[in-house]
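Reading the structure
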Amino acid sequence: MNGKLTAELSLPLRRSHAGRQMLHNRAMMLGMSLLGIIVLLALFGPIIVPNDPLTVQMGDRLLSPSWQYPLGTDHLGRCIFTRLVIGAQLTLGISAIVIVTVIVLGVPLGLISGYIGGRFDSIIMRLVDGMGALPEFIFAIAFAGFLGPSLPNLIFAIVLVKWIGYARVVRSVALSEREKEYVLAAKVAGCSTWTILRRHLLPQMISPVVVLAALDIGKIIMIISMLSYLGLGAQPPTPEWGAMLNDGRPYFQSAPQLMIYPGLAIMAIVIACNLLGEGLREALDVRSR
Amino acid sequence: MPQIMDKETTHMEKAQQENAASPLVAVEAPVLEVSQLQIFTRQEKQQRPLVHGVSFVIPRGETLALVGESGSGKSVTASAVLGLMSGSLGISNGEIRFRGDNVLDWPNKKRRGLRGREIGFIFQNYQESFTPFITVGKQMNETLRSHEKLTRRQAKVHALEWLEQVGLPAERVYSSYPFQLSGGQLQRAAIAGAMMLQPSLLIADEPTTALDVLSGEKVLDVLASLQKRTGCAVLLISHDLRHVVKRASTIAVMKDGHIVELDTAEHILYHCHHEYTQQLLNARPYIT
Amino acid sequence: MQPLLRVERLYKTFRKSKEQVYALKEISLQIARGECLGVVGESGSGKSTLGKVILALERPDSGEVWLDDVPLLQLKGAALREQRQHVQVVFQDPNASLNSKMPIWRSIMEPLDNFPDVMPPFLSGKRTDRIGLAAQLLELVGLPLDHLARYPHELSGGQRQRVAIARGISLNPKLLVCDEPTSSLDVSVQAQILQLLKSLKQTLGMSYLFISHDIASVQYMSDRMIVMKDGEMIDEFASSELTHQDRHIYTKLLVEAAS
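Note that the coordinates shown come from a computational prediction; the quantities given were computed from them, not determined experimentally. (Residues numbered from 1 in each chain as written. Chains lettered and ligands numbered in written order. Predicted model: local features only at pLDDT ≥ 70, side-chain atom pairs only at ≥ 80, totals over all residues. Heavy atoms only, no water.)

**Considering the overall build of chain C**
Worth spelling out the cut-off: Labels follow the DSSP assignment, with helices taken as runs of H or I lasting at least four residues and strands as runs of E lasting at least two, numbered in each case from the N terminus. Here the radius of gyration uses the C-alpha set of atoms, whereas the globule reference equals 2.2 Å times the residue count to the power 0.38. Summary of the burial criterion: residues with accessible area below 20% of their type's maximum are buried, those above 50% are exposed, and those between are partly exposed, where the area comes from a 1.4 Å probe applied to protein chains only.
When helices and strands are tallied, chain C shows nine helices and 10 strands. What you see for chain C is a C-alpha radius of gyration of 18 Å, in line with the 18 Å of a compact globule of 259 residues. A principal-axis box enclosing the C-alpha atoms of chain C has dimensions of 50 × 45 × 40 Å. Out of the 259 residues in chain C, the part that is buried amounts to 55%.

Here it is in structure tokens:
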């Protein structure tokens, strides 16, 4: 009752909140369409691209856009458009693998850590604290550098950095849920710990994890591109966006399109993921933890 | 409140004078008169009625308890009186007369002037009555000084006086932060904070629901004694008929947006007619 | 005769800004077979902690709970789970105690699913007919059968509490702990839930531990009552003697406030 009255006291605030939500939903639609286009391009890329992404044509170096090369050619005469589209496959594929691995790893560990606690929880928490001391990106560079430059190592390094965040979110939800009456009731009903985790707690994790993942894809793509740019990820001649940026660097003055197009592509996908994630967060009413 | 404020008179004395003076006024409009109030809610362009023509009157110094369960419309009615209805609600018909004037005709700014000064309110959630990280005393002091020309020191004297009136260790509570007080203490401090402005009407929305039985009783005791002293009218909102029937002079039982029974507390208790009232009275066992 | 439940010298403390506060202080009590023991207290009196210790959901600092000569607090893992069928619970807020993502019938059947060998005498039919058993349980608590496939949010508060009660009795427990079972309900349905609990107790012959802040409800439900304050048991008496002269002063205050 009182909630109603006090909520009404803060009416102007709530109205702007509702307005923001609508905006967010419109933004979410934009993000979704953008991401959809990129995914479609990646899926049907091999059919639509006009050229081969790897064929070197030294005679066609650094050409301006034309019918044959929609976005021009790079310093080795390869079609930039083709390389971008094929690169999208690679970028999206790697991030999908990373996200799935990270969820499969982080969610169960977070659940066990939060619900059962004990020594296991202390170990997880120490890891979380330790990793929190420096930005993720620094750790990713360190791991990738230590493991040596290659795509599998890149994936491994990013997973190593990222699972912690998921474990932490899931752990905090589990911690707050485990004292709730439905969990206690399940315990009294004779459910084993495993059943409680699987049947009662896991479903509660879906929305926060989905939101976190949607917001994270952008970051993961950034890390992949940045590591590749630094030469720690995809190796030439693989058409990865970050690696393409790196390739274009010496020609930036004379042929900026070599860096502009991959840069725009990275920007577009990161923005799309963030819009989608923010929208989902609003829609699923998940508070940032 | 058209009256001459003597700077030497304390709040308490002023209240007593006013109270004593009241019988001399020949014909006085009731403090609150709600007639045929209809409230609706807008949902996707459709209008759905929530309150269907509710009428009641609260004279000076009396308590009317508006009793009903969740969804009965009692809180919406209270928020309409306060002028704090949410944007999706609207009043389609009826009048809310405050001391004779229909406040629904007033501009928003004028109605805002009523709140606090003329219409005080306390909520179920006592934690929301005070800002968390400012001492209770400072908040009371500022409220007082925003309504009356007082120095900081004068305001403190008044605030302490009112805290004492609600049976609290005044000095200690004055310098306490809200989280340092128990629920019952905070609610009593909230009553002091509302009553010190000497409103003509106090709206108490489920003031004891979040409290323990014994502290809830104390809160209602304090409310009753301050009401006696200041002569303010009280609109008491509650879901528990048994709890308020000994505290109010008149009871209005609400169900699904209608007042199903309106009578003196005594009649409600011993000769109620409506089946629903009966059901509410017998909702919990009696001690035998 | 041996009492069903014996609680012996329970202590539990917690820290509250450097001070040691007792949630339970030397609590000993017994519940006989078929008896309802009522526990009255305000918030912070330790009454809910007492319920949770008896349900083996919380560990006391010291003390023991015996159910028919089985020391409940010594049990762990599978042995404890096996023993849980004998002590079941109805919590305060059915909104929070039912999993919002499970249909009603699955919530009701969860205990029986966990104990495939238990067949309560008040149910009939095949043990494998889960829907049939759930339907009988729903009938026992006075809910229409079409509620089986619904979800908690589609039910009213009173109906949800009936579902929680159906789940609580489904294993035919020896003891049912009711922790403020009516406090979060609308006033007009509180009486119905109390009546339901009382009639179920008579037909099924269980013992109850009935915890509430509402002294009148506790008296109505129970044969014997205890009053708790700040973790201590300060009064104990037969429910019919609630208004006697020699009650503790605090009990008298509670009675006065409620009448």
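Next comes the rest of the account.
**Topic: the pattern of salt bridges**
Put simply, the test is: A carboxyl oxygen of Asp or Glu within 4 Å of a side-chain nitrogen of Lys or Arg is what we treat as a salt bridge.
The final tally for this structure, using the stated rule, is 36 salt bridges over all chains. With its nearest N and O atoms 3.6 Å apart, the salt bridge here joins A:Glu278 to A:Arg281. Remark: A:Arg281 and A:Glu278 occur in helix α10 (residues 257–284); sequence separation between them is three residues, near one turn of the helix. A:Glu278 gets classed as partly exposed once you look at its relative accessible area, which sits at 30%. A relative accessible area of 22% means that A:Arg281 is categorised as partly exposed. Where C:Arg9 meets C:Glu26, a salt bridge forms, and the shortest distance between an N and an O atom there is 2.8 Å.

**Observations regarding the domain arrangement of chain C**
Residue and element names in this part refer to chain C. Definition in use: Here the limits of each domain have been adopted from an automatic or database domain assignment. Residue contacts are counted whenever heavy atoms from the two residues lie within 4.5 Å of one another. A quick way to say it: buried area is the sum, across both parts, of accessible area lost when two parts are put together, with a 1.4 Å probe. Any pair of N or O atoms that falls within 3.5 Å is considered a polar contact. Within protein, one atom must be able to donate a hydrogen and the other to accept it, and sequence-neighbouring residues count only if both atoms are side-chain atoms. When residues are sorted by character, Ala, Val, Leu, Ile, Met, Phe, Trp, Tyr, Cys and Pro go into the nonpolar class, Asp, Glu, Lys and Arg into the charged class, and all the rest, Gly among them, into the polar class.
Structurally, chain C comprises domain 1 (34–59 + 72–86 + 175–259) and domain 2 (94–172). Summarising the inter-unit geometry, the C-alpha centres of domain 1 and domain 2 are found 23 Å apart. Tallying the contact residues gives 15 residues for domain 1 and 15 residues for domain 2. Interface of domain 1 and domain 2: buried area, both sides summed, is about 1300 Å²; carbon and sulfur atoms make up 75% of it. Sorting the residues of domain 1 by area buried against domain 2 places Gln85, Leu196 and Leu204 first, and these three jointly supply 37% of that buried surface. On the surface where domain 1 and domain 2 come into contact, there are zero salt bridges. Taken together, the connections running from domain 1 to domain 2 amount to one residue pair in polar contact (both at pLDDT 80 or more). Elements that contribute at least two residues to the side of domain 1 that touches domain 2 include exactly α2 (77–84) and α7 (187–204). Among the residues forming the side of domain 1 that touches domain 2, the class breakdown is 10 nonpolar, three polar and two charged.

**Observations concerning the UniProt feature "domain: ABC transporter" (unreviewed entry) in chain C**
We count it as follows: UniProt positions are given in the numbering used here, feature names are shortened, and annotations may be inferred rather than shown by experiment.
Within this numbering scheme, the UniProt entry marks residues 5–255 of chain C as carrying the feature "domain: ABC transporter" (unreviewed entry). Here residues 5–255 of chain C runs as 35% helix and 26% strand, with 28 Å between its end C-alpha atoms.

**A look at the UniProt feature "domain: ABC transmembrane type-1" (unreviewed entry) in chain A**
Taking the UniProt record as the reference, the feature "domain: ABC transmembrane type-1" (unreviewed entry) is found at residues 88–277 of chain A. Between the C-alpha atoms that bound residues 88–277 of chain A there is a distance of 20 Å. The span itself is 82% helix and 0% strand.

**A few points about the interface of chain C and chain B**
Counting from both sides, the interface comprises 27 residues of chain C and, opposite them, 19 residues of chain B. For the pair chain C and chain B, the two sides together bury roughly 1900 Å², of which 56% comes from carbon and sulfur. Residue C:Asp214 is joined to B:Arg284 by a salt bridge in which the shortest nitrogen-to-oxygen separation is 3.4 Å. Applying the counting criterion to the chain C and chain B interface returns 10 residue pairs in polar contact (both at pLDDT 80 or more). Secondary structure elements with two or more residues in the side of chain C that touches chain B: α7, α8 (215–221) and α9 (249–258) of chain C.

**Re the environment of B:Ile96**
The topology assignment puts B:Ile96 in strand β4 (residues 89–98). Not counting residues within four places of it along the chain, the set of residues in contact with B:Ile96 comprises B:Leu32, B:Glu33, B:Val34, B:Leu37, B:Ala80, B:Val81, B:Asp101, B:Asn102, B:Val103 and B:Leu104.

**Observations concerning the sheet that holds strand β4 (residues 62–67) of chain C**
Residue and element names in this part refer to chain C. Under the convention used in this document: For two strands to be treated as a pair, DSSP must find at least two bridges joining them. Axis geometry follows a simple rule: fit a line to the C-alpha atoms, using only the stretch in contact for helices, then measure angles between N-to-C directions, giving values from 0 to 180 degrees.
Reading across the sheet, the four strands line up as β2-β1-β4-β5 and stay open at both edges, with antiparallel pairing between neighbours. In this open sheet, the two edge strands, each paired with only one partner strand, are β2 (19–31) and β5 (70–71). One ladder, built from five bridges, connects strand β1 (residues 5–16) with β4; its direction is antiparallel. Counterpart to Leu5 in the pairing with β4 is Leu67. Contacts from helix α1 (residues 47–54) reach β1, β2 and β4, with the element oriented near 60° to β2.

**Some remarks on a nonpolar patch on the surface**
Note the cut-off: Patches were defined on residues exceeding 30% relative accessible area and lacking a salt bridge, with like-charge contacts within 9 Å and nonpolar side-chain contacts (Val, Leu, Ile, Met, Phe, Trp, Tyr) within 5 Å. Every accessible area reported is derived by Shrake-Rupley at a probe size of 1.4 Å, with residue values counting cover from the shown protein chains alone.
Taken together, the side chains of A:Ile37, A:Val39, A:Leu40, A:Leu41, A:Leu43, A:Phe44, A:Ile47 and A:Ile48 make up a nonpolar region of the molecular surface, amounting to roughly 760 Å² of accessible area. A residue is classified by how much of its surface remains accessible, and A:Ile37, at 48% relative accessible area, is partly exposed.

**Topic: unusual backbone geometry**
Positive phi is not limited to glycine here, since B:Gln198 has a value of about 50°. As for its position among the elements, B:Gln198 is in the loop between α7 (183–195) and β7 (201–205). Accessibility expressed as a relative area gives 4% for B:Gln198, which makes it buried. A positive phi is found at C:Asp230, a non-glycine position, where the angle reads about 50°. One can find C:Asp230 in the loop between β9 (224–229) and β10 (232–238).

**Examining the confidence of the model for chain C**
Inclusion rule: Values of pLDDT, ranging from 0 to 100, describe the predictor's confidence in every residue of the model.
Here chain C shows a mean pLDDT of 93. Residues at 70 or above account for 100%. For chain C, the element scoring lowest by mean pLDDT is helix α3 (residues 94–97) of chain C, at 87; strand β3 (residues 36–40) of chain C scores highest, at 97.

**Some thoughts on the UniProt feature "transmembrane region" (unreviewed entry) in chain A**
The UniProt feature table records "transmembrane region" (unreviewed entry) at residues 27–49, 92–116, 137–161, 209–232 and 258–277 of chain A. Annotated as residues 209–232 of chain A, this span is 88% helix and 0% strand, and its ends, taken at the C-alpha atoms, are 29 Å apart.

**Quick look at the nonpolar core**
The criterion, for reference: Definition used in this section: a nonpolar core is a set of buried Ala, Val, Leu, Ile, Met, Phe, Trp, Tyr and Cys residues joined via side-chain atoms within 4.5 Å.
In terms of nonpolar packing, the biggest core is built from 54 residues, with B:Met140, B:Leu163, B:Ile191 and B:Ile251 touching the most fellow members. Considering each element in turn, this core owes the most residues, seven residues, to α7(B).

**Observations regarding the interface of chain C and chain A**
With 23 residues of chain C in contact, the opposing surface of chain A contributes 15 residues. Taken together, both faces of the contact between chain C and chain A bury some 1700 Å²; the carbon and sulfur share is 57%. For A:Arg199, the salt bridge is made with C:Glu110, and the minimal N-O distance between the two is 2.7 Å. Applying the counting criterion to the chain C and chain A interface returns eight residue pairs in polar contact (both at pLDDT 80 or more). Considering each element in turn, the side of chain C that touches chain A owes the most residues, four residues, to helix α4 (residues 104–114) of chain C. Classifying every residue of the side of chain C that touches chain A by side-chain character gives 10 nonpolar, five polar and eight charged.

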